[in-house]
Amino acid sequence: MTGLANTNGRGSKQALVRDEILGMLDDLQVGDALPSERRLATDLGVSRPTLRAVIDELVREGLLLRRHGSGTYVAEPKIALPLTMTSFSEDMTRRGMRPGSRVVDFQCLAAGAKLGQRLQISPVDEVWVITRLRLADDETMAIEWLHAPRRLLGDLRREELSDHSYYELLRERQGITIASGVQTIEPTVTSPEEAELLGVPVHSPAFLFERTTTSEDGEVVEFVRSVYRGDRYRLVTELRPALR
């Protein structure tokens, strides 16, 4: 590696450093370590603050992973998350990954006023309140808080949600087919509890999803709140011109 040619402007120099590092990544595998910042700065002929600014940017983009006291490594590629009505299990299987779940909490409670309104049921009706970690190839990708009317799957068992999707159970046992849903997405950062479950630092970037899902018969079958790791996901949506 040779030093960069002289450039005018801090932005131009950072752009060249970025190009050099991206070129390095093409020859490295996931988990490989980058040379130390001191060595990289010397090899590229730039100051360490300039180099650090570029590395910070690539860390934010999810291309690099910085481990305190250890170094900087090539990160796992982000998973493109399409905004479609598919289950997590179906989506991971389609990508050639092995989906899985670990049930953290499994309760049956009265809906209460707010949740009853979301699910369009009485506040005294019973609901399943289930917390799951969603896994891909045994790596934790998201936390999911599922709220569903108990009458839809009255005999649901905790272990069933470890290797089956909720949609699959609805379809196979009750003949219920998912038809539509309303979903909101917003950026967030992980709380201490969420960070511990996801295995990431506190205040790591994440996506917060809230979804209400309806069956073909117009019945609300779930309200789900999910937190997805921001370092492993990017959102993808297909845009089409509006019909006039």
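Residues numbered from 1 in each chain as written. Predicted model: local features only at pLDDT ≥ 70, side-chain atom pairs only at ≥ 80, totals over all residues. Heavy atoms only, no water.

- The name an unreviewed UniProt entry gives the chain is GntR family transcriptional regulator, with Solirubrobacter deserti as the organism.

### Some thoughts on the packing of helix α2 (residues 37–44) against helix α3 (residues 48–60)
Phase 1 of the analysis: With their axes 9 Å apart at the nearest point, α2 and α3 run at an angle of 110 degrees to one another. When the axes of α2 and α3 are compared, the pair comes out roughly perpendicular. Like other packed secondary-structure pairs, α2 and α3 cross with a definite hand, here right-handed. Between α2 and α3, the residues in contact are Glu37, Arg38, Leu40, Ala41 and Leu44 and Arg48, Leu51, Arg52 and Ile55, respectively. (Axes fitted to C-alpha atoms, helices over the stretch in contact; angles between N-to-C directions. Helix = DSSP H or I, 4+ residues; strand = E, 2+ residues; numbered from the N terminus. Parallel < 35°, antiparallel > 145°, perpendicular 65-115°, else oblique. Left-handed = near helix turned anticlockwise from the far one by under 90°. Contact = heavy atoms within 4.5 Å.)

### Brief notes about the side chain of Arg132
Phase 1 of the analysis: Checked against the element boundaries, Arg132 lands in strand β5 (residues 126–136).
Phase 2 of the analysis: Accessibility expressed as a relative area gives 2% for Arg132, which makes it buried.
Phase 3 of the analysis: A polar contact of 2.8 Å, which involves the side chain of Arg132, links it to the side chain of Glu144.
Phase 4 of the analysis: One polar contact links the side chain of Arg132 to the main-chain carbonyl oxygen of Leu161, over a distance of 3.1 Å.
Phase 5 of the analysis: Setting aside residues no more than four positions away along its own chain, Arg132 makes contact with Ser101, Arg102, Val103, Val104, Ala142, Ile143, Glu144, Leu161, His164 and Tyr166. (Buried < 20%, exposed > 50% of the residue type's maximum accessible area, 1.4 Å probe, protein only. Polar contact = N/O pair within 3.5 Å; in protein donor to acceptor, adjacent residues only side chain to side chain.)

### Regarding the pattern of salt bridges
Phase 1 of the analysis: For the structure on display, the rule yields 19 salt bridges.
Phase 2 of the analysis: Arg66 is the partner of Asp56 in a salt bridge, and the nearest nitrogen-oxygen pair spans 2.8 Å. Taken together, the residues Asp56 in helix α3 and Arg66 in strand β1 (residues 64–67) connect sequence positions 10 residues apart.
Phase 3 of the analysis: Residue Asp56 is classed as partly exposed on the basis of its relative accessible area of 26%.
Phase 4 of the analysis: Measuring nitrogen to oxygen at the nearest pair gives 1.7 Å for the salt bridge that ties Arg173 to Glu160. Taken as a pair, Arg173 in helix α7 (residues 166–174) and Glu160 in helix α6 (residues 160–163) lie far apart in primary sequence, 13 residues in all.
Phase 5 of the analysis: Residues joined in a network through salt bridges with shared partners are Asp155, Arg157, Glu159, Glu160 and Arg173. (Salt bridge = Lys/Arg side-chain N within 4 Å of Asp/Glu carboxyl O.)

### Some words on the environment of Val59
Phase 1 of the analysis: Secondary-structure assignment places Val59 in helix α3.
Phase 2 of the analysis: With a relative accessible area of 27%, Val59 lands in the partly exposed category.
Phase 3 of the analysis: Those residues in contact with Val59, other than ones at most four positions away along the chain, are Leu64 and Arg66.

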